[in-house]
Amino acid sequence: MEISDYPADLNQRQYRRMREALAGMPAVPTSISIGSLVGTLEALNCALEGSDAVWRDLFSKGWWVLESAYALALDQGRTRFSEEELSVLNREVRDLSLLVAEKIIPETDLAE
């Protein structure tokens, strides 16, 4: 690895960790699992270096939906989400997964 490859390699690791966190979400998330995902995604997003602004904006919008649902449930003392909330949360997790997948370069392409 050359010094100039460092930010790209770092970002690829962060994107892969995002993908793993999103893939690990249960089909029926609770406020605890959403809270954990929100914290993980926020930390990984903050660790990205030089990621394009449009992608980050799209990511932040999806992340915000998860954060808002988590904050509301926490404020109301709930650990479970309504069917409507679950539908929105699952859609956002799916959309964020697709967004992250767009940024991941296959390992074989990195070696070239």
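Every value quoted in this text rests on a predicted model; they were computed, and no experiment measured them. (Residues numbered from 1 in each chain as written. Predicted model: local features only at pLDDT ≥ 70, side-chain atom pairs only at ≥ 80, totals over all residues. Heavy atoms only, no water.)

What follows covers the packing of helix H2 (residues 31–47) against helix H3 (residues 53–75). In a pair of packed helices, the angle between the axes and the distance between the axes together describe the arrangement. Orientation of H2 relative to H3, taken along the N-to-C sense of each, is 150 degrees, at an axis distance of 9 Å. One element, H2, and the other, H3, form an angle in the roughly antiparallel class. Pair H2 / H3 crosses with left-handed handedness. Every residue of H3 that contacts H2 at Ser31, Ile34, Gly35, Leu37, Val38, Leu41, Glu42, Asn45 and Cys46 is listed here: Trp55, Arg56, Phe59, Ser60, Trp63, Leu66, Glu67, Tyr70 and Ala73. (Axes fitted to C-alpha atoms, helices over the stretch in contact; angles between N-to-C directions. Helix = DSSP H or I, 4+ residues; strand = E, 2+ residues; numbered from the N terminus. Parallel < 35°, antiparallel > 145°, perpendicular 65-115°, else oblique. Left-handed = near helix turned anticlockwise from the far one by under 90°. Contact = heavy atoms within 4.5 Å.)

One finds Met18, Leu41, Trp55, Phe59, Leu66 and Val100 to be the most contacted residues of the largest nonpolar core, which totals 24 residues. Among the elements of the structure, helix H1 (6–23), H2, H3 and helix H4 (83–103) are those that each provide at least two residues to this core. When near neighbours in sequence (up to four residues on either side) are disregarded, methionine 18 contacts Leu41, Leu44, Asn45, Leu48, Trp55, Phe59 and Val100. (Core = buried A, V, L, I, M, F, W, Y, C linked by side-chain atoms within 4.5 Å. Buried < 20%, exposed > 50% of the residue type's maximum accessible area, 1.4 Å probe, protein only.)

All chains considered together, the criterion is met by 4 salt bridges. Between aspartate 57 and lysine 61 there is a salt bridge whose closest N-O contact spans 3.4 Å. Taken together, the residues aspartate 57 and lysine 61, both in helix H3 and 4 residues apart, mark about one turn of the helix. With relative accessibility at 40%, the residue aspartate 57 sits in the partly exposed group. Between aspartate 95 and arginine 94 there is a salt bridge, and its shortest N-O distance comes to 3.0 Å. On the basis of relative accessible area, aspartate 95 is assigned to the partly exposed category, the value being 31%. Judged by its relative accessible area of 47%, arginine 94 is partly exposed. (Salt bridge = Lys/Arg side-chain N within 4 Å of Asp/Glu carboxyl O.)

Moving on, we get to the packing of aromatic side chains. In this structure the tally under the stated criterion is 3 aromatic pairs. Taking 5.3 Å as the distance between ring centres and 75 degrees as the angle between the ring planes, the aromatic pair formed by tyrosine 15 and tryptophan 55 counts as edge-to-face. With tyrosine 15 in helix H1 and tryptophan 55 in helix H3, the pair connects residues that are 40 residues apart, well separated along the chain. Overall, tryptophan 55 belongs to the buried group, its relative accessible area being 4%. With 6.2 Å between their ring centres and 40 degrees between their planes, tryptophan 63 and tryptophan 64 make a pair best called tilted. Relative accessible area serves as the criterion here: at 14%, tryptophan 63 is assigned to the buried category. Given the relative accessible area of 54%, tryptophan 64 is considered exposed. (Phe/Tyr/Trp six-rings, centres within 6.5 Å; stacked < 30°, edge-to-face > 60°.)

Interpretation in functional terms is not warranted from these geometric data alone.
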